[in-house]
Amino acid sequence: MRIELTVNGVAREADDVWEGESLLYALRERLGLPGSKNACEQGECGSCTVYLDGAPVCACLVAAGQAQGREVTTVEGLAGDGLDPVQQAFVEKGAVQCGFCTPGFLMSTKDLLDRDPAPSDPEIREALAGNLCRCTGYEKILDAVRTAAANR
Amino acid sequence: MDLNTVTGYRRARTRADLALGPGERILGGGTWLYSEPQLDTTGLVDLTTMGWAPLTRTDEGLSIAATCTIAELLAHPDRPPLAVECANALLASSTIWTVATVGGNVCRAFAAAGMVALCAALDGVALVWAPSGGGRHDYRIPVAELATGNGTTSLAPGEVLRALEIPARVLAARTAFRKIALAELGRSGAVLTGRVDPGGEAVFVITAATASPTVLRYPALPGAAALRADVDAAVGYYTDPLGSADWRRQVSGVLLEEIRQELA
Ligand SMILES: Cc1cc2nc3c(=O)[nH]c(=O)nc-3n(C[C@H](O)[C@H](O)[C@H](O)COP(=O)(O)OP(=O)(O)OC[C@H]3O[C@@H](n4cnc5c(N)ncnc54)[C@H](O)[C@@H]3O)c2cc1C
Ligand code: FES
Ligand code: FES
């Protein structure tokens, strides 16, 4: 089937989407946007987080067909002329090791700071509870979120 | 994950579209369907394209469409009491709330289904659409009875949950809530609610600790001993990696007593 959607502000269409396909697959394999990662593929790790009509979702749990006519933002859409302040803070604080979880953390962090520009540590932990990192031990990620909040 | 067995996808626009063919299944938010292989599913019928208003207030109370997402429920000014607490009792993060539907949560009917807890706490009734033909009719059933076990419901094949109705009389009730999990943000081991209606009737509900909802009703707030005896006598406490049956019974007793005192 064909799906038509807006991705990172650009009208796109994907052909030959098969009926059981996830939005994650469609983004990575049909629309050439491999930034969103497929790790657990069951909603646990958050590495596939994208925005659907402005709200964060796990792209691995969304049927590609349900993205028809909707707006999707992926990690590729985060940077403008330069890095987004959230991306910049992750670089500055070394909050990245293997980097597999990073796209999801960036999307969840930006969503958090858009809703709450000065979150407390418990609020940061709660907001990022759907994102798992196997490398960093989370401390540098928390540093990066605090830095991003301060720099915005 | 991709559902490799699925070869059909239909967007439902009318009730007739909801007639399921062999291997077809209703797609709500997809957060459970897409979280594990569905080997017996060959087609999806998208319910979210029916265009139902998420939440409607009537003289009779609230009608929550099956397709109302958990996020929409929480954001709605008319959301019922205990909605936030019961949504928080889900392990799921806000990325799940954005797309998971209230109806999908009820139909999946895990013991730790927060929307089953919510509906059971508020005497919620499910409006079920029967498939046309075959002499079956639409009907209403209390959600506490629709959820028959951990992951099972009384829904017959082809039946579709249309809405969850919360009666007006409970919207003014005083309510209280407790939950416990082995880890702070972990899957709920026991979810307890209490409600005292304006007329004085008291209703206590256990979910997550028993395989299906346990509803305890009293004409007025019971004494501690009577409530504890009923909690101990309830059936269906179960053991899994998130807690033993004995632990679930014990914490249900302790936390419902806290609720009883809070509502006294
Ligand atoms: C990380 C994670 C954590 C989770 N934590 C919890 C938790 O703590 N507790 C919990 O209960 N669940 C949990 N879930 C499972 C699931 O996300 C929820 O149960 C969710 O509410 C299901 O809703 P949905 O709309 O996504 O349902 P779907 O996945 O679309 O559907 C679920 C089932 O219900 C059927 N169905 C859906 N709507 C209808 C309808 N209107 N009529 C008839 N049948 C219908 C579908 O055919 C399917 O069998 C979790 C999932 C993930 C990925
Ligand atoms: S890949 Fe989607 S949550 Fe892990
Ligand atoms: S940096 Fe490797 S999983 Fe997070």
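Residues numbered from 1 in each chain as written. Chains lettered and ligands numbered in written order. Predicted model: local features only at pLDDT ≥ 70, side-chain atom pairs only at ≥ 80, totals over all residues.

Colleague: Would you take a moment to explain the environment of Trp32 of chain B for this structure?
Modeller: Residue and element names in this part refer to chain B. Turning to its location among the elements, Trp32 is positioned in the loop between strand 2 (24–27) and strand 3 (43–46). Residue Trp32 is classed as buried on the basis of its 21 C-beta neighbours within 10 Å. Considering only alpha carbons, one finds Trp32 and Leu164, 132 residues apart in sequence, at a separation of 20 Å. What Trp32 contacts, discounting residues up to four positions off in sequence, is Gly104 and Arg108. (Helix = DSSP H or I, 4+ residues; strand = E, 2+ residues; numbered from the N terminus. Buried ≥ 20, exposed ≤ 12 C-beta atoms within 10 Å, placed from the backbone. Contact = placed C-beta atoms within 7 Å.)

Colleague: So what exactly am I meant to see when it comes to the domain arrangement of chain A here?
Modeller: Interface size, as often reported, equals the accessible area lost upon joining of the parts. All names here are of chain A. Examined at the domain level, chain A breaks down into domain 1 (3–77) and domain 2 (85–151). Computed from C-alpha coordinates alone, the two centres of domain 1 and domain 2 are separated by 21 Å. With 14 residues of domain 1 at the interface, the matching set in domain 2 holds eleven residues. Ranked by the residues each element gives to the side of domain 1 that touches domain 2, the list is headed by strand 3 (residues 49–52), at three residues. Here the side of domain 1 that touches domain 2 is composed, by residue class, of seven nonpolar, five polar and two charged. (Domains from an automatic or database assignment. Nonpolar A, V, L, I, M, F, W, Y, C, P; charged D, E, K, R; others polar.)

Colleague: In this structure, what is going on with the domain arrangement of chain B? I would like to understand it.
Modeller: Residue and element names in this part refer to chain B. On domain assignment, one finds that chain B holds domain 1 (8–46), domain 2 (55–167) and domain 3 (174–263). For domain 1 versus domain 2, the distance between C-alpha centres works out to 18 Å. Taken together, the residues that form the side of domain 1 that touches domain 2 break down as five nonpolar, four polar and one charged.

Colleague: Explain the site of ligand 1 to me, please; I cannot follow it from the model alone.
Modeller: In the vicinity of ligand 1, 32 residues are found, and the nearest of them are Gly43 of chain A together with Gly28, Gly29, Gly104 and Asn105 of chain B. Ligand 1 sits at the junction of chains A and B, each of which supplies nearby residues. Put simply, the parts of the chain that give the shell around ligand 1 at least two residues each are strand 2, helix 4 (102–108) and strand 10 (160–167) of chain B. Among the elements that line the shell around ligand 1, the one with the most residues is helix 4 of chain B, at five residues. The residue makeup of the shell around ligand 1, split by class, is 17 nonpolar, eleven polar and four charged. (Near = placed C-beta within 6 Å.)

Colleague: Looking at this structure, how should I read helix 9 (residues 245–263) of chain B?
Modeller: Residues that lie three or four places apart on an α-helix share one face, since the helix turns once every 3.6 residues. Residue and element names in this part refer to chain B. Between its first and last C-alpha atoms helix 9 spans 27 Å; for 19 residues at 1.5 Å apiece the expected length is 27 Å, and the two agree. Every buried residue of helix 9 is listed here: Arg248, Ser252, Gly253, Leu255, Leu256, Ile259 and Arg260. Among the structural elements, strand 11 (174–181), strand 12 (188–196), strand 13 (202–207) and helix 8 (224–233) are those in contact with the buried residues of helix 9. (Expected span 1.5 Å × (residues − 1).)

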